[in-house]
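Survey of secondary and tertiary structure
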Amino acid sequence: MNRSLRFAMIGAIFLIVLMIAPAHAASVSDPIEADWYQVRVTQAQYLDIDNDGFQDDILTAFDITVSDTAVSFMTTYVYCYLILPSGSAYLVSFGIIGQYQHLAITLSWYNTVTESGWYTFIVYTEIPVGQYRYYSTHSVTFDPPTGGDPGPPVVGIDITNSTQSS
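Summary of the structure given here. The structure presented is a predicted model; accordingly, all values stated were derived computationally and were not measured.

Rules behind the numbers
Residues numbered from 1 in each chain as written. Predicted model: local features only at pLDDT ≥ 70, side-chain atom pairs only at ≥ 80, totals over all residues. Heavy atoms only, no water. Core = buried A, V, L, I, M, F, W, Y, C linked by side-chain atoms within 4.5 Å. Buried < 20%, exposed > 50% of the residue type's maximum accessible area, 1.4 Å probe, protein only. Helix = DSSP H or I, 4+ residues; strand = E, 2+ residues; numbered from the N terminus. Salt bridge = Lys/Arg side-chain N within 4 Å of Asp/Glu carboxyl O. Pairing = 2+ DSSP bridges.

Now for the nonpolar core. Ranked by size, the top nonpolar core spans 31 residues in total, and within it W36, F62, C80, F94 and F121 carry the most contacts. The set of elements that each furnish at least two residues to this core consists of β2 (37–47), β3 (57–66), β4 (75–83), β5 (89–97), β6 (100–110), β7 (119–129) and β8 (132–142). Among the elements that take part in this core, β6 stands out by supplying five residues, more than any other.

And the structure:
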């Protein structure tokens, strides 16, 4: 059997297998605004968290509450944006693995007050359930004073699970 005929037969067999094999493609929808869970910013203020003598740190806190305990999920993606008056922004993103009913999350943004004007804190969460993705978002705008040499920006995260689901 010559070489070109061998390649043609292998190609034909490959095409037949592709035509017979079922396609296993999953479709993922655009995120849907959730009615069974909610994220709410509970605090956004400037402080001197690192005790360096300058009120150049920002403390933000938010809650994620699941109202329908029948929904089964295992992952939550969290995106937190701190937008400066100039339009520059800091982003902190993390994932939470596990099911819960209520989480209280606190972020300490060290050395981030570098400009005068209005700062905006936005939290966006997304929970995949099956082939769907559900989201919730909330934001707050505030005006911290500026001053001093802030140093490099750093973020600390504290998560409290106040009600554990079984």
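The next thing to look at is the pattern of salt bridges. Side chains that differ in sign of charge can pair as their charged atoms come close. Taken as a whole and assessed by the stated rule, the structure comprises one salt bridge. One salt bridge in this structure joins R133 and E126, with 3.3 Å as the shortest N-O distance. The partly exposed category is assigned to R133, whose relative accessible area is 25%. The exposure class of E126 is buried, given its relative accessible area of 11%.

Looking now at the pairing of β3. Burial analysis of β3 places eight of its 10 residues in the buried class, which makes it a mostly covered element. Bridge count between β2 and β3: 10 bridges; the pairing is antiparallel. Paired with Q43 across the two strands is A61, which belongs to β3. Bridge count for β3 against β6 is eight bridges, and the pairing is antiparallel. The residue bridging T60 from the neighbouring strand is L107, located in β6.

Next up on the list: unusual backbone geometry. The phi dihedral of N51 is positive, around 55°, even though this residue is not glycine. If you trace the backbone, N51 turns up in the loop between β2 and β3. Judged by relative accessible area, N51 falls into the exposed class, the value being 67%.

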